[in-house]
Amino acid sequence: MKPLLFLTLMALTFLPLFSQNNTELTDEIALKLSVLPLNCIDQEYPNKPQHTYGSADEVGLSPKALHPVFYGCFDWHSSVHGHWMLVRLLKIKPGIANKNEIIAKLNNSFDKSAVEVEKEYFTSYEAGRIFERTYGWAWLLKLDEELASWDNPMARQWHENLQPLTEQIIELWTEYLPKQTYPDRTGVHPNSAFALGFAIDWARANGIKEFEQALIKKSMEFYVDNTETPAYLEPDGADFFSPSLQIADLMRRILSPGDFEKWLSNFYTQRGIDRISEIPVVSDLSDYQTVHLVGLSFSRAWCMKGIAKSLPAGHPLKTHFEETAQKLLNNALPLVFDGNYGGEHWLASFALMALE
């Protein structure tokens, strides 16, 4: 029996784990989640390449030809955060049962020459400089940060091989940041607050002060004066982010605890808090857009956890966000495995973010 088929069948035996609303990252759940990106990292089709064709010569290029590392999992960014998830699981679950399969996949992915091709894409093609801006960029930095912070010989080699692409992303982002006049407040990929938060985390982890300060400056320009955010209008029909929670999760990174508490009290209305605390209704798990709402539960949960940790004991939102995060997780975790490829190619990464 093929290893990945075996792992898929084995993972199915863990379905009862979710019947008790188990929201701990047990070894069994980690294994079950890992199977999803492990299965799709080298699955080229179906694929949404988002490539802007500059000439007829490019029409015959396959996703793998364009992106020899991150061609699987339906789209580039999902492949990137699928790689992040596998690295993260190896790091925190060193005894995971499919460890050897994960290592083999990652060894193949982090090939130095393939990474060079990935880097060149961002400068060689007409629209390469805006490709995956800034959602995919943010996940690439998350992957880089995970590798850089792991004291492991294998991870150090993977990290070294990834550097040409990381450096290219930083160059593009540094160039773009002063040109970004307005934030994207959407609940999907272009959301600016999400990307700024991940980029700040990367800059701090790597001690890149100038980039960090530029990111903070832009964040303050966009959000520090925001009050009474209309969170009562959330979500849109295909959101996987809460626009308001992404902003709050960003601001808790850059404001002092006291200033953040004051800012948060002016940012939300009770009507908005009530709305974002509701479990999203997912009417069709097989719909590639509607299934985004499962991811919304996970991203709300990780934002609420982060915000709660930044609030002092006794703050009314601290307990509320902690409890709501658990409810969202309890509801969403079983749904990761109940749909089709529209959710399977990306939801496990969001689940891991929320579980941790």
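Structural notes, computed from the coordinates. None of the values given here were measured: they were computed from a predicted structure.

Let us look at the overall build of the protein chain. The number of helices and strands found in the protein chain is 17 helices and zero strands. For the protein chain, whose C-alpha radius of gyration is 20 Å, the value lies close to the compact-globule estimate of 21 Å for 356 residues. Considered along the principal axes of its C-alpha atoms, the protein chain spans approximately 50 × 50 × 40 Å. Sequence separation of 24 or more characterises 75% of the internal contacts of the protein chain that already satisfy a separation of 6 or more. Positive and negative side-chain charges in the protein chain, numbering 31 and 45 respectively, have mean positions lying 4 Å apart.

Bringing the nonpolar core into the picture now. Among the nonpolar cores identified, the biggest contains 112 residues, and Leu 33, Leu 143, Trp 173 and Phe 298 are the most heavily contacted of them. Residues contacting Phe 298, with those up to four places away along its chain left out, are Leu 329, Ala 332, Leu 333, Val 336, Leu 347, Phe 350, Ala 351 and Ala 354.

Here we take up the side chain of His 292. Mapped onto the fold, His 292 is located in helix H14 (residues 292–310). Residue classification places His 292 among the buried residues on the basis of a relative accessible area of 9%. Within the structure, His 292 has its side chain in polar contact with the backbone oxygen of Ala 238 (distance 2.7 Å). Here His 292 is in contact with Val 188, His 189, Ala 238, Asp 239, Phe 240 and Trp 346, once residues within four sequence places are set aside.

As for its position among the elements, Lys 119 is in helix H6 (residues 112–124). The spacing of Lys 119 and Gln 163 is 44 residues in sequence and 9.4 Å in space, taken between C-alpha atoms. Every residue in contact with Lys 119, bar those within four places of it in the chain, is listed here: Pro 164, Leu 165 and Gln 168.

A separate point is unusual backbone geometry. With omega at 0°, the peptide bond leading from Tyr 45 into Pro 46 counts as cis. Locating Pro 46 in the fold gives a position in the loop between helix H2 (27–40) and helix H3 (63–66). The phi torsion at Gln 50 lies on the positive side, around 55°, for a residue other than glycine. With respect to the helices and strands, the residue Gln 50 is situated in the loop between H2 and H3. For Gln 50, a relative accessible area of 41% puts it in the partly exposed group. The phi dihedral of Cys 73 falls on the positive side, at around 60°, and the residue is not glycine. Looking at the element boundaries, Cys 73 is found in the loop between H3 and helix H4 (76–92). Exposure remark for Cys 73: the relative accessible area of 0% places this residue in the buried category.

Looking now at H2. Taking 1.5 Å per residue, 14 residues should reach 20 Å; H2 reaches 21 Å between its end C-alpha atoms and fits that length. The buried fraction of H2 is high, at 11 of 14 residues.

By secondary structure assignment, the location of Ser 256 is in the loop between helix H11 (243–254) and helix H12 (257–267). On a C-alpha basis, the gap between Ser 256 and Gln 168 in space is 32 Å, while along the polypeptide they are 88 residues apart.

For the rest of this paragraph, the subject is the state of the cysteines. All chains considered together, the criterion is met by one disulfide. Here Cys 40 is linked by a disulfide to Cys 73, with a sulfur-sulfur distance of 2.1 Å. The chirality of the disulfide connecting Cys 40 with Cys 73 is right-handed, given an S-S dihedral of about 85°. In this pair, Cys 40 sits in helix H2 while Cys 73 sits in the loop between H3 and H4, placing the two residues 33 residues apart along the sequence. Like Cys 73, Cys 40 is buried.

What follows covers the environment of Ala 203. Structurally, the position occupied by Ala 203 is in helix H9 (residues 192–206). Sequence spacing of Ala 203 and Leu 215 is 12 residues, and the spatial spacing of their C-alpha atoms is 9.0 Å. Not counting residues within four places of it along the chain, the set of residues in contact with Ala 203 comprises Ile 208, Phe 211, Glu 212 and Leu 215.

Before going further, it helps to examine the packing of H4 against helix H7 (residues 135–148). The N-to-C vectors of H4 and H7 enclose an angle of 20°; their axes lie 9 Å apart at closest approach. When the axes of H4 and H7 are compared, the pair comes out roughly parallel. Where H4 crosses over H7, the two elements pack in a sense that is left-handed. Residue-level inspection shows Trp 76, His 77, Val 80, His 81, His 83, Trp 84, Val 87, Arg 88 and Lys 91 of H4 in contact with H7, the latter providing Tyr 135, Gly 136, Trp 139, Leu 140, Lys 142, Leu 143, Glu 146 and Leu 147. Of the residues assigned to the contact of H4 with H7, the class counts are nine nonpolar, four polar and four charged.

Cut-offs used in this document
Residues numbered from 1 in each chain as written. Predicted model: local features only at pLDDT ≥ 70, side-chain atom pairs only at ≥ 80, totals over all residues. Heavy atoms only, no water. Helix = DSSP H or I, 4+ residues; strand = E, 2+ residues; numbered from the N terminus. Rg over C-alpha atoms; globule rule 2.2 N^0.38 Å. Contact = heavy atoms within 4.5 Å. Lys, Arg positive; Asp, Glu negative; His and termini not counted. Charge placed at Lys NZ, Arg CZ, Asp CG, Glu CD. Core = buried A, V, L, I, M, F, W, Y, C linked by side-chain atoms within 4.5 Å. Buried < 20%, exposed > 50% of the residue type's maximum accessible area, 1.4 Å probe, protein only. Polar contact = N/O pair within 3.5 Å; in protein donor to acceptor, adjacent residues only side chain to side chain. Expected span 1.5 Å × (residues − 1). Disulfide = S-S within 2.5 Å. Axes fitted to C-alpha atoms, helices over the stretch in contact; angles between N-to-C directions. Parallel < 35°, antiparallel > 145°, perpendicular 65-115°, else oblique. Left-handed = near helix turned anticlockwise from the far one by under 90°. Nonpolar A, V, L, I, M, F, W, Y, C, P; charged D, E, K, R; others polar.

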